[in-house]
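# Overview (structure and organization)
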Amino acid sequence: MEMQEWRDAWTRAGSATEALREALTGMGAGVTQTAHLRPMVSRKGTAWVDVGQLPAHLAERVAEVIRTGSPAPDGTARSVK
């Protein structure tokens, strides 16, 4: 991989990390709850976001948004059957 490829992938990974951090913050996550988010680049040059650890309640809210497109009105995760 050339250095420019790595830099481009790092930029994409950094942008994606910040986008996820902003989304989680918008869902009520605090700084300590998003501190484990890290941009990464694989050996093949693929941009990644290492999520690390998320509190269970926050992971449930993320899953809810992915499943339904929005959080429950009270901010908690809804049960989807």
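This write-up is about the structure you can find in this document. (Residues numbered from 1 in each chain as written. Predicted model: local features only at pLDDT ≥ 70, side-chain atom pairs only at ≥ 80, totals over all residues. Heavy atoms only, no water.)

## Some remarks on the overall build of the chain
From N to C terminus, the chain includes three helices and two strands. Shown N-terminal to C-terminal, the secondary structure of the chain runs as helices and strands in the order α-α-β-β-α. Long-range contacts, defined here as pairs at least 24 residues apart, represent 42% of the contacts in the chain between residues at least 6 apart. When the accessible area of the chain is evaluated, it comes to approximately 5,800 Å², of which 56% is carbon and sulfur surface. (Helix = DSSP H or I, 4+ residues; strand = E, 2+ residues; numbered from the N terminus. Contact = heavy atoms within 4.5 Å. Areas by Shrake-Rupley, 256 points an atom, 1.4 Å probe, with all protein chains shown as cover.)

## With respect to the nonpolar core
Residues Leu-24, Met-27, Ala-29, Leu-37 and Leu-58 constitute the largest nonpolar core, which totals five residues. Setting aside its immediate chain neighbours within four residues, Leu-58 contacts Leu-24, Ala-29 and Gln-33. (Core = buried A, V, L, I, M, F, W, Y, C linked by side-chain atoms within 4.5 Å. Buried < 20%, exposed > 50% of the residue type's maximum accessible area, 1.4 Å probe, protein only.)

## Quick notes on the packing of aromatic side chains
Scanning the model with the defined rule gives one aromatic pair in all. Between Trp-6 and Trp-10, the aromatic rings sit 5.4 Å apart at their centres with planes inclined by 10°, giving stacked as the arrangement. Taken together, the positions of Trp-6 and Trp-10, both in helix α1 (residues 3-26) and four residues apart, correspond to about one turn of that helix. (Phe/Tyr/Trp six-rings, centres within 6.5 Å; stacked < 30°, edge-to-face > 60°.)

## As for helix α3 (residues 56-68)
Along an α-helix, a turn takes 3.6 residues, which lines up residues three or four apart on a common side. End to end, α3 covers 18 Å across 13 residues, agreeing with the expected 18 Å (1.5 Å per residue, within 8%). Among all positions in α3, only Leu-58, Arg-61 and Glu-64 are buried. With its buried residues spanning 115° around the axis, α3 presents them on a single face. For α3, the exposed residues set more than 90 degrees away from the buried face come down to Ala-56 and Ile-66. (Expected span 1.5 Å × (residues − 1). Arc of directions from axis to C-beta.)

## What about the pairing of strand β1 (residues 38-41)?
Note that β1 and strand β2 (residues 47-50) share four bridges and pair antiparallel. Of the residues in β2, the one forming a bridge with Met-40 is Trp-48. Between the antiparallel neighbours β1 and β2 lie five residues, among them Gly-45 with a positive phi of about 95°. (Pairing = 2+ DSSP bridges.)

## Here's the deal with the pattern of salt bridges
Within the structure shown, the criterion is met by two salt bridges. Residues Arg-21 and Glu-18 are paired through a salt bridge, measuring 2.6 Å at the closest nitrogen-oxygen approach. Placement of both Arg-21 and Glu-18 in helix α1 is noted, with a separation of three residues, approximately one turn of the helix. Since its relative accessible area comes to 39%, Glu-18 is described here as partly exposed. Here Arg-67 and Glu-64 are joined by a salt bridge, their closest N and O atoms 3.6 Å apart. Of this pair, Arg-67 and Glu-64 both sit in helix α3, three residues apart, which is roughly one turn of the helix. Taking relative accessible area as the criterion, Glu-64 reaches 1% and is therefore assigned buried. (Salt bridge = Lys/Arg side-chain N within 4 Å of Asp/Glu carboxyl O.)

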